[in-house]
Amino acid sequence: MSVQIAATYDVQTIRADFPILKRRVDGNPLVYLDNAATSQKPRQVIDALVQYYEQSNANVHRGLHTLAEEATEAYETARAKVAHFIGAEPESLVFTRNTTEAINLVAYAWGLANLREGDLIVLSEMEHHSNIVPWQLVAQRTGAKLHYVPFTSEGELDMEALESLLRQEPKLVAITHVSNVLGTVNPVQEITRKAHAVGAKVLVDGAQAVPHKLVNVTQIDCDFYAFSGHKMLAPTGIGALYARQELLEQMPPFMGGGSMIRKVTHEFSTWADVPTKFEAGTPNIADAVAFGVAVDYLQRVGMEAIQQHEQSLTEEALRLLEAEEDIVIYGPRDARKRCGLVSFNFKHVHPHDVAQILDKRGIAIRAGHHCCQIIMRRLDVTATARASFYLYNTLEEVRAFWKALDDVRKVFGKYGGR
Ligand code: PLP
């Protein structure tokens, strides 16, 4: 049975908004399937950057002239848009460079102030390095201990193992919403409820969730939620941390400098209100403004429609790859348990070779450890290939990707010499 796209989803109109999709690579139309690394940008977002620099550029928060007021208004409007997009209030949303910086902010500002020797931090084995390394650094400084929840052979979080770790009353559970390798969507609302019941704080890494599905942090009820603009149509260099307002108020600043203070004396300083307390120095104003425009774009298409569209693409990719004897697929087989990506390997070809051969057809996929060396060790591989989809990809592109895998067999021969 072949998959169909909902008749109401106008993927060609969406594609027309993305100038880069008209590019050719080696004479072939670009098929961009590396969206989990970063997404492409629509004309509206690119225009917002140009318009900001041509019309309103000034520093925010401290000027009294017209441009400074316009820039401040645009920056704060963007904050409100991004906050509302995830069901939060603007006071709870700190602009950061990306997910990595958002998690580091929590690790250093909350972690160093709250973690003591012997305290337990629970992570999972499906975390991206950006939700592992900051906690390792903080554990080294505080004496806290890290424990990892494993995932099952189906690529799902082992909830029994999580519950057994929760019985040890950790101080923090830091978990990814969606795995960037397995595609697994974790039950973060249930995890938060269970973690709160034992007094733990919960941080969710939403880098692969917010771009692809409706996320409501108030419903999830987590304490911290981190995500990146560049994976959801916005420019690079802008991301966000949601945190409960009372936590932001209790936490010491992450960095000191201009803008984040109320008063500075020879001996001490006091802090601006949140979230400004966590935005030292001149922020990334233009990219934040464009982040707001990216969010407008996603809302216009509709997150539920985008999720459904990506699910159709994922189902088709899984269906086609599953039929291949020489290919191993990682993560849940049921597309409803995933977001729009599929990691796989040829049984006899290194994924770097696969990615290079596909590139000759203009097909961009990623190959490597995807910043998840712990997952690679669990899967007993050094790397995987990964095709990841977004709102502008088509079923034809998924099929072109699958067909191009024959080029790999032409170069390396068929598995088992058939
Ligand atoms: N977390 C996950 C699950 C990711 O996939 C990524 C990036 O691929 C990150 C965190 C880090 O995102 P950034 O590099 O934008 O900080």
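Up top you'll find the structure we're talking about.
Fair warning: this is a prediction, and the values are worked out from it, not measured in the lab.

The rules behind each value
- Residues numbered from 1 in each chain as written.
- Predicted model: local features only at pLDDT ≥ 70, side-chain atom pairs only at ≥ 80, totals over all residues.
- Heavy atoms only, no water.
- Phe/Tyr/Trp six-rings, centres within 6.5 Å; stacked < 30°, edge-to-face > 60°.
- Helix = DSSP H or I, 4+ residues; strand = E, 2+ residues; numbered from the N terminus.
- Buried < 20%, exposed > 50% of the residue type's maximum accessible area, 1.4 Å probe, protein only.
- Lys NZ or Arg CZ within 6 Å of the ring centre and 35° of its normal.
- Axes fitted to C-alpha atoms, helices over the stretch in contact; angles between N-to-C directions.
- Parallel < 35°, antiparallel > 145°, perpendicular 65-115°, else oblique.
- Left-handed = near helix turned anticlockwise from the far one by under 90°.
- Contact = heavy atoms within 4.5 Å.
- Nonpolar A, V, L, I, M, F, W, Y, C, P; charged D, E, K, R; others polar.

Comments concerning the packing of aromatic side chains
Alright, step 1. A full pass over the atoms with the stated rule returns 11 aromatic pairs.
Alright, step 2. Ring centres 5.8 Å apart and planes at 85° place the aromatic pair Phe18 and Tyr297 in the edge-to-face group. With Phe18 in the loop between helix 1 (11–16) and strand 1 (24–25) and Tyr297 in helix 10 (residues 285–301), this residue pair connects regions lying 279 residues apart in the sequence. With respect to class, Phe18 is no different from Tyr297; both count as buried.
Alright, step 3. Each residue in the set Tyr75, Phe95, Tyr225, Phe227 and Phe291 is aromatic and connected to the rest through ring pairs, giving one cluster.
Alright, step 4. A cation over a ring is seen here: Arg378 above Phe151, with NZ or CZ 4.3 Å from the ring centre.

Description of unusual backbone geometry
Alright, step 1. Cis rather than trans, the peptide bond between Val274 and Pro275 has omega equal to 5°.
Alright, step 2. Residue placement: Pro275 occurs in the loop between strand 12 (269–271) and helix 10.
Alright, step 3. Of note in the backbone geometry, Ser259 takes a positive phi value of approximately 75° without being a glycine.
Alright, step 4. Its place among the elements puts Ser259 in the loop between helix 9 (245–250) and strand 11 (261–264).
Alright, step 5. Here Cys371, not a glycine, exhibits a phi torsion of approximately 60°, which is positive.

Quick word on the packing of helix 3 (residues 66–85) against helix 10
Alright, step 1. At a minimum axis distance of 8 Å, the contact between helix 3 and helix 10 shows a crossing angle of 40°. With respect to helix 10, the element helix 3 is oriented oblique. Where helix 3 crosses over helix 10, the handedness of that crossing is left-handed. Between helix 3 and helix 10, the residues in contact are Ala71, Ala74, Tyr75, Ala78, Lys81, Val82 and Phe85 and Ile285, Ala288, Val289, Phe291, Gly292, Val295, Asp296, Leu298 and Gln299, respectively.
Alright, step 2. Within the contact of helix 3 with helix 10, the residues separate by chemical class into 12 nonpolar, 2 polar and 2 charged.

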